[in-house]
Amino acid sequence: MSLVVAIALIPSIAAAPPTSQAPAQSATESPEGPLTLWYRQPATQWVEALPVGNGRLGAMVFGGIEHERLQLNEDTLWAGGPYDPSHAAAREALPRVRRLIADGAYAEAERLITEQVIARPPREMPYQTVGDVTITVAGGSSATEYRRSLDLDTAIARTSFRVGNVRYAREVFASPVDQVIVCRLTASEPNAAPSAPGRITATVAMSTPMAAAARTEGHDTLVLAGVNGDAFGIKGALRYQARVRVLVEGGSITADGTQLRIVSAKAATLLIAAATSFRRYDDVSGDPAAVTTAAIAAAIARPFEAVRADHVAEHQRLFRRVTLDLGTAPAASLPTDERIRGFAGGTDPGLAALYFQYGRYLLISSSRPGTQPANLQGLWNDSTNPPWASNYTTNINTQMNYWPAEVTNLAECAEPLFTMIAELAEAGARTARTHYGARGWVLHHNSDLWRNTAPVDGPRSGMWPTGGAWLATHLWEHYLYSGDKAFLARVYPIMKGAAEFFLDTLVEDPSGRYLVTSPSLSPENRHHADGTVAAGPAMDSQILRDLFDQVVEAGRVLGTDAAFGKQVATARSRLAPDRIGAGGQLQEWLEDWDMAAPEPKHRHVSHLYGVYPSAQLSSGTTPALTAAARRSLDLRGDESTGWATAWRIALWARLGDAERTYRLIAFLISPARTYPNMFDAHPPFQIDGNFGGTAAMAEMLLQSHAGVIDLLPSLPKAWPAGRVAGLRARGGFDVDLEWQDGRLQRATIRSTWGTALRLRSGTAERTTTMKPGDVLSWDGK
């Protein structure tokens, strides 16, 4: 199967100027503005540095005074190379594994899976760092009036300080237009004599923990060239290069073989490009030197002001689609790290709004058309072997990364995910044949740049075959928001292939009534001390109900594949239903094991997929099951890892408990789960918590999953007045809301698709039909 999926190319800069201005600053807002993270001191740890990115290139900006560090990433620099992780013995072992599970011999089943089913190698490849660019200056020890900031509205990190009468400043941004990272150094007295204060003198160098070396090229260029790493027996197959060109205004620049020296410049601009030889998951024949050289040459041909302006305009084309005002408080005048420390115990609605917009900023910065999808750390990583390989974990984390894409009006940012799903379908067809003897395609719980789809990391996490099915539901979600039938036609074969795999691999449960997955598991959670693998976990049946329904409906919309749709519908009717256990909880497994499971506070709440992100369970349609889901959520507990807390917030928002959601937001945006730079703390850093937090806040303000657009469905008392503009609802609607005293004042709904509209605000409802371009205003009465 070969399918290239894309929503659209980014329009030209000239065609997409900013359409609005940043909000005006009030007396209680940050001195840097309500959309700015700022600090009174340089970063000393990586989780204090500030991220910039253009989807492909990223940098962490430390803001040092005498020693600036820009830690660099390029999204295709991973260890290893194209590889086939198939285990040839898996297909023959599968029936024995199923029998052992049916007999309750879980430990023995896991031993057999480890020996004959888990991929070879048993681990996926890690994402790796490019290295650092460092800028060293003298004379900063007496600096005063220091300020470090990241403006989310312009996507520019800025550092400034004063030495004597001279104010020095640096701006760093990653241009999606020119495909370079730009660092601009200026002084407030550029007309000073060359030997006087007010000029810039600095040394620029590069370093890396990778198998690479830096050298100068000419008098103004640094080149870092090398190869990626080996991992788990897979040889590194990538070549990579990072290139820095320094432009000075006045003064001079010289090279000494390993570093550049700027002397007495009025201003200096560093243009940084990086690339690897990666072309596709099965092709590493690219020319990184040609890519970096061309990018630098094109950027040099334009004035700095034009490069900066085009970067800002392209960023704001996406970022300014949504605005959120939750009010402000005196705490908003404090630096961001101080606001985080005080958030749980005080009043700072502006910090919650900043967190929401930061999630959108991070998605724009780490996932754009033509790039790799956001991984466990988005785009940013300073290690050659980061936690969990910074990979694509598809039993929740990769999906959570893209929960905010549609609802917060960043649909283009999901294009890398759709492209990866198409590539996983190609690679996953091999795994389906080799491991299961099945049609279609399969993905287990983890993947990497090389699109590994086989089970990895051992049976207790890896033996879960439903990752691809869950990802396929994102394709249908995009259609629900966009109404794009051409897109749906392109991705339908992927959705169909995901369904075909399960038509071939589902087995009957012991009663013979139901179809279940086996072997499988409820992600990463043990049902007994010696067992994680199982048959028919609740999450699998819930995901497959969605997938099968969506495949049938997609075929109907496209007028195709009616016979296949009937097969899918028949299998769907036999999926094991959700069940209520003896403790009043929604059962996580076919058997009622929940109350005695070894980890009652487990971070995953997989069996609640049917509440969120799905819409299978709700108080209006399945009251008993929804009450059981609420009971399960109570039993699981509120405080968990960063991403798991974000999922709980979204679940409580769906369940309509506004105050519970806010208590969890207060925990999420606290030092326990948010680092000083507002990165999510699992801990360690995982970006999914940021994205999940943003999506959960959107869910508190707008829900559109049940055939009705529910306005302010889970609004907490802490946000009594506010406004949001630009959110998206299923059915192709743009939604603006204003509220006062906790009640809707005005909703403005714009139809982009032209469908029936049903609105709800509290107990009030309104129903109408809208044509494309129609606008409806409603006061919620």
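Report follows, based on the coordinates. (Residues numbered from 1 in each chain as written. Predicted model: local features only at pLDDT ≥ 70, side-chain atom pairs only at ≥ 80, totals over all residues. Heavy atoms only, no water.)

**Here's the deal with the nonpolar core**
Note the following rule: To form a nonpolar core, buried Ala, Val, Leu, Ile, Met, Phe, Trp, Tyr and Cys residues must be joined to one another through side-chain atoms within 4.5 Å. Buried, partly exposed and exposed residues are distinguished by accessible area as a fraction of the type maximum, computed with a 1.4 Å probe on protein chains only: under 20%, between the cut-offs, and over 50%, respectively. A helix here means a DSSP run of H or I that spans at least four residues, while a strand means a run of E at least two residues long, and both kinds are numbered starting from the N terminus. Only heavy atoms enter the contact rule, under which two residues are in contact if any of them lie within 4.5 Å.
If you look at the biggest cluster of nonpolar residues, it comprises 225 residues, and the most contacted ones within it are W647, L711 and W719. Residue contributions to this core peak at 11 residues, all from helix α6 (residues 349–366). Aside from chain neighbours lying at most four places away, what touches W647 is I396, M400, W403, M539, V605, S606, Y609, Y612 and P613. Of all hydrophobic cores here, the second largest spans 12 residues; its members include I156, L271, A295 and I296.

**Structural notes on the packing of aromatic side chains**
Note the following rule: Note on aromatic contacts: the rings of Phe and Tyr and the six-membered ring of Trp form a pair at centre separations within 6.5 Å, being stacked when their planes are under 30 degrees apart, edge-to-face when over 60 apart, and tilted otherwise. Distance and angle both matter: a charge sits over a ring if NZ of Lys or CZ of Arg is within 6 Å of the ring centre and within 35 degrees of the ring normal.
One pass over the full model with this rule turns up 22 aromatic pairs. With a centroid separation of 4.9 Å and an interplanar angle of 85°, the aromatic rings of F501 and F502 are classed as edge-to-face. F502 carries the same exposure label as F501, and that label is buried. Connected via pairs of aromatic rings, a cluster forms that spans W46, W380, F679 and F685. The ring of F319 is capped by R360, whose NZ or CZ atom sits 5.4 Å from the centre of that ring. Across the ring face of F564, the terminal group of K496 is positioned such that the distance to the ring centre comes to 5.0 Å.

**A closer look at the layout of surface pockets**
Note the threshold: Within this scheme a cavity is a closed region of a 1 Å grid, computed over the protein atoms alone, that accommodates a 1.4 Å probe without allowing it to escape, whereas a pocket is open but has protein on both sides within 12 Å along at least five of seven lines; lining residues each have an atom within 4 Å of a point. Grid points are joined across faces, edges and corners, and a volume is the space filled by probe spheres set on the points. Ten residues, namely Ala, Val, Leu, Ile, Met, Phe, Trp, Tyr, Cys and Pro, are considered nonpolar, four, namely Asp, Glu, Lys and Arg, are considered charged, and the remaining ones, Gly among them, are considered polar.
Of the voids in this model, the largest pocket is the one considered here, and its volume is about 920 Å³. Lining the largest pocket are 48 residues, and of these E477, L480, Y481, H705 and R730 lie nearest its centre. Classifying every residue of the lining of the largest pocket gives 25 nonpolar, 11 polar and 12 charged.

**As for unusual backbone geometry**
Here R120 and P121 are connected by a cis peptide whose omega angle stands at 5°. Geometrically, the link from P683 to P684 is a cis peptide bond, its omega value of 5° lying close to zero. Position of P684 among the secondary structure elements: in the loop between α17 (658–668) and α18 (688–701). For S264, which is not glycine, the phi torsion reads 55° and is therefore positive.

**Notes on the side chain of E124**
Filter applied, for reference: Between N or O atoms, a polar contact is any pair within 3.5 Å; within protein, one atom must be a potential hydrogen donor and the other a potential acceptor, and residues adjacent in sequence are included only when both atoms are from side chains.
You can see E124 is positioned in the loop between α2 (106–116) and β5 (131–137). In this structure the side chain of E124 is engaged in a polar contact, spanning 2.4 Å, whose partner is the side chain of N391. In terms of polar contacts, E124 uses its side chain to reach the side chain of N446, at 3.3 Å. Other than its neighbours up to four places away in sequence, E124 contacts Y83, F232, W388, A389, N391, N446, S447, D448, N452, V456 and D457.

**Concerning helix α15 (residues 623–636)**
So the rule is basically this: In this scheme, a helix's expected span is set at 1.5 Å multiplied by one less than its residue total. As used here, the arc is the angular range of directions from the helix axis to the C-beta atoms.
Its 14 residues give α15 an end-to-end C-alpha distance of 20 Å, which sits within 8% of 20 Å, the value for a rise of 1.5 Å per residue. Of all the residues in α15, the buried ones are L625, T626, A628, A629, S632, L633 and R636. Seen end-on, α15 carries its buried residues on one side only, within an arc spanning 155°. Residues of α15 that are buried sit in contact with α16 (642–654). Directly beyond the C-terminal end of α15, a positive phi value near 90° is found at G637.

**Some points on the sheet that holds strand β10 (residues 200–207)**
Quick note on the threshold: Between any two strands, pairing holds if DSSP finds at least two bridges. All axes here are fitted lines through C-alpha atoms, helices being fitted over the stretch that makes contact, and every angle between N-to-C directions spans 0 to 180 degrees.
The sheet built from seven strands is open, its strands ordered β2-β3-β4-β5-β10-β15-β14 with antiparallel pairing. The two strands at the open ends of the sheet, each matched to only one other strand, are β2 (50–53) and β14 (252–255). Mean inter-strand twist for the sheet, computed between neighbouring axes without regard to direction, equals 20°. Strand direction decides the pairing type here: β10 and strand β15 (residues 259–265), joined by five bridges, are antiparallel. By the bridge assignment, T203 is partnered in β15 with R261.

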